[in-house]
Amino acid sequence: MEAPAQEGSSFKAGAMAQASGGSPESHDAQLPPPPQPEDEEGQGERLVELHASFRELFTFFCTNATVHGAIRLVCSSQNRLKTASWGLLFLGALGALYWQFGLLFEQYWSYPVIMTVSVHSERKLFPSVTLCDMDPHRPSSVRHHLQALDRFARENIRSLYQFNFSEDGDVPFADDQGPQPAFYLDRSVRLQRLSHPGGQSRVGFRLCNSTGGDCFYRAFSSGVTAAREWYRFHYVSILALLPAAHEDSHQSHGGHFVFSCQFDGRDCQARDDAGHSPSGHMQWGHGSKEGAGLSVAPGSRHFQTFHHPTYGSCYTFNGVWAAQRPGITHGISLVLRTEQQDHLPLLSTEAGIKVMIHERDHTPFLEHQGFSIRPGTETTIGIREDEVRRLGSPYSHCTDGVEGVGGQLLYNASYTLQACLVSCFQQLMVETCSCGYYFYPLPAGAQYCSYSRHPAWGHCFYRLYRDLGTHRLPCASRCPRSCRESSYKLSAGTSRWPSSKSAHPEGWEEQWPQRGFCVQDWILAVLGKPGRRSSSQSKSPSPSLRSNMAKVNIFYQELNYRTVEETPVYSVPELLSAMGSLWSLWFGSSVLSVLELLELLLDAVALTLLLGCRRLRRTRVPDGAATVASHAKPEASPLPTDCRNDVNHLGGPAGLFPHAASGSCGRNLC
């Protein structure tokens, strides 16, 4: 039964051959010759050549790479034990390398710094010097309220310690014609003796909120401290009634707090007259030179005046002169008056001068950084300067100005950490207690606290101040440090001034034969300030008036200053250097070896894409070929299946399988 079928098939094939003009025997001769591979030398260099397989790609890389140990993975291919051993060593070295890379980057991203100390020598501008006479004044508009407070304070101290004040303790004042602000003295806040289970007694006063349901005692182990804090609480409530612009206390001295001023051995005004001021515009103002000294008027441009509620009249020396040479003769020398006229004994128990040395255009906080000078002494202060420079973000949390500060700076001066903390506390005070503390500047639209307007402000203030001391307020996080600041190390020495020999200089008794001539009289005469003693005082020997004067010498001990600067442990070049050292340690190669690895990675990705494209094409082309072959005769082509697409069947339509889409039996990738 198969023979006829074969004969029929042969007959059909012969008929087709005759129809095409040939015989059946010449069918094989009519087939096109198979494609011949082109000569590799004549093919020419291609732009991009890829390996046929991943094995070939890996072998080429290991054979030609400059990474140490890579060639061992292919040259020992006949010995599987060596190949496996070198493979494990290679992977272990790679894992150790990237483990150390991880540690290196972890340390780099923590942004560590080291402190670099260097010493520089150059001319420096003289720092600002703030001096206060420690004589807080009694404003005329609230003087009667302060006198009532003094009487109330005496009652409290008498009830606690049975101490009787002398009747002549009050300083007589002329009756003020101006209106007095409405004020009532809160007598419920009084000093009390508190007993504790341990047996130690304490002194304090009680503060309550507006409803009276929440009260606490502001207690102290020292009765003097308790009396001062209690007096300050009432004193601030009285001063809060003053208008924004009131009289300055430095006017009460008539411009005689600073008797004389010399810088670099010359009068301050004479230096400006000679044109020694570097800026050329900072003149001494309207001071008058008398005798050998210089009287400084309150409005002098070299001395900025302000009033401190506790430390009295304050003067900030803002000369713009540069220190030419170190030494006491090349600094500033000041003769100051230290007498206390309107002294409030319960507000301040000190007598003398408060001094603070700080940077120019910085707000002085004397309660934190100031030091005191004793009257009747000559104090010599030597300065050594240290400058700190911080890197800022991301290495440290600091600021160059008001950038990055979480709040408004209330002081009209350069940024400092203390000014920011005070401003933050004052703003929280206004938000929480609806008023501001009198010692600090006010935000816009706020008013100072007084129990005449805010009965419970003391309870709110002390609670908030306690939270500030225990770091419960957000001020510490809102106020970064300054990225660049200067600090001054001081060394001081004191001596008795004027000396006892100066009280009665030899030969001067003939010129001043009257008894009672004292040391201050002739010094004031030389300074051009005659003594102000009464006739009754001149008839009898007066006590030492040395307690009314003091002399201060401030100078640079040396012009060398130390700079403490933050330096990053790992900058970008140092990071790359550390990475290169680790890479050389484990693989003994260079940056070009890393590029070889990058080339291997790119070739592998490209080869993966192209091989995937070829596999996808192969899965699609046989399905299409089977669909077309169903309309043709299966006996038409005896060629292998892999090469059928390269042949244009004679019995089918011309170009049914185009050559461009067929691909050869060689290395067509896609």
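- Naming follows an unreviewed UniProt entry, where the chain appears as Amiloride-sensitive sodium channel subunit delta isoform X1 of Panthera pardus.
- Recorded in UniProt for the chain, the comment headed Subcellular location (unreviewed entry) runs: "Membrane".
- Recorded in UniProt under Sequence similarities (unreviewed entry), the annotation for the chain is "Belongs to the amiloride-sensitive sodium channel (TC 1.A.6) family."

1. Quick look at the overall build of the chain
Logical step 1: For the chain, the count of helices and strands is 18 helices and 22 strands.
Logical step 2: Within the chain, the fraction of its 670 residues that count as buried is 38%.
Logical step 3: Excluding contacts between residues fewer than 6 apart, the proportion of contacts in the chain whose partners are at least 24 apart in sequence is 72%.
Logical step 4: For the chain, the exposed surface amounts to about 38300 Å²; the carbon and sulfur share of it is 54%.

2. Quick look at the state of the cysteines
Logical step 1: Applying the stated rule across the entire model yields 7 disulfides.
Logical step 2: Sulfur-sulfur distance for the disulfide between Cys-132 and Cys-314 comes to 1.9 Å. On the sign convention where negative means left-handed, the S-S torsion of about 110° between Cys-132 and Cys-314 marks this disulfide as right-handed. Remark: Cys-314 occurs in strand E12 (residues 312-317) and Cys-132 occurs in strand E3 (residues 128-132); sequence separation between them is 182 residues. Assigned by exposure class, Cys-132 and Cys-314 land together as buried.

3. With respect to the nonpolar core
Logical step 1: One finds Leu-191, Phe-205, Trp-230, Tyr-231, Tyr-235 and Trp-457 to be the most contacted residues of the largest nonpolar core, which totals 56 residues.
Logical step 2: Taken together, the elements giving at least two residues each to this core come down to helix H7 (143-161), strand E5 (201-208), strand E6 (215-220), helix H8 (223-239), helix H11 (417-433) and helix H12 (457-469).
Logical step 3: Aside from chain neighbours lying at most four places away, what touches Trp-230 is Phe-152, Ala-153, Asn-156, Val-189, Arg-190, Leu-191 and Phe-205.
Logical step 4: Counting residues in each nonpolar core, the second largest holds 28 residues, with Phe-126, Cys-261, Ile-332 and Ile-373 among its members.

4. A look at the sheet that holds E6
Logical step 1: Spatially, E4-E5-E6 is the arrangement adopted by the 3 strands of the open sheet, whose pairing is antiparallel. With partners counted over all chains shown, the strands left at the sheet margins are strand E4 (192-195) and E6, one partner each. The mean angle between the axes of side-by-side strands here comes to 50°, regardless of whether they run parallel or antiparallel.
Logical step 2: With 4 bridges connecting them, E4 and E5 associate as antiparallel partners. If you follow Ser-195 over to E5, its bridge partner there is Ser-201.
Logical step 3: Across the face of the sheet, H8 comes into contact with E5 and E6 while running at roughly 20° to E5.

Cut-off values and rules
Residues numbered from 1 in each chain as written. Predicted model: local features only at pLDDT ≥ 70, side-chain atom pairs only at ≥ 80, totals over all residues. Heavy atoms only, no water. UniProt positions renumbered as here; feature names shortened; annotations may be inferred. Helix = DSSP H or I, 4+ residues; strand = E, 2+ residues; numbered from the N terminus. Buried < 20%, exposed > 50% of the residue type's maximum accessible area, 1.4 Å probe, protein only. Contact = heavy atoms within 4.5 Å. Areas by Shrake-Rupley, 256 points an atom, 1.4 Å probe, with all protein chains shown as cover. Disulfide = S-S within 2.5 Å. Core = buried A, V, L, I, M, F, W, Y, C linked by side-chain atoms within 4.5 Å. Pairing = 2+ DSSP bridges. Axes fitted to C-alpha atoms, helices over the stretch in contact; angles between N-to-C directions.

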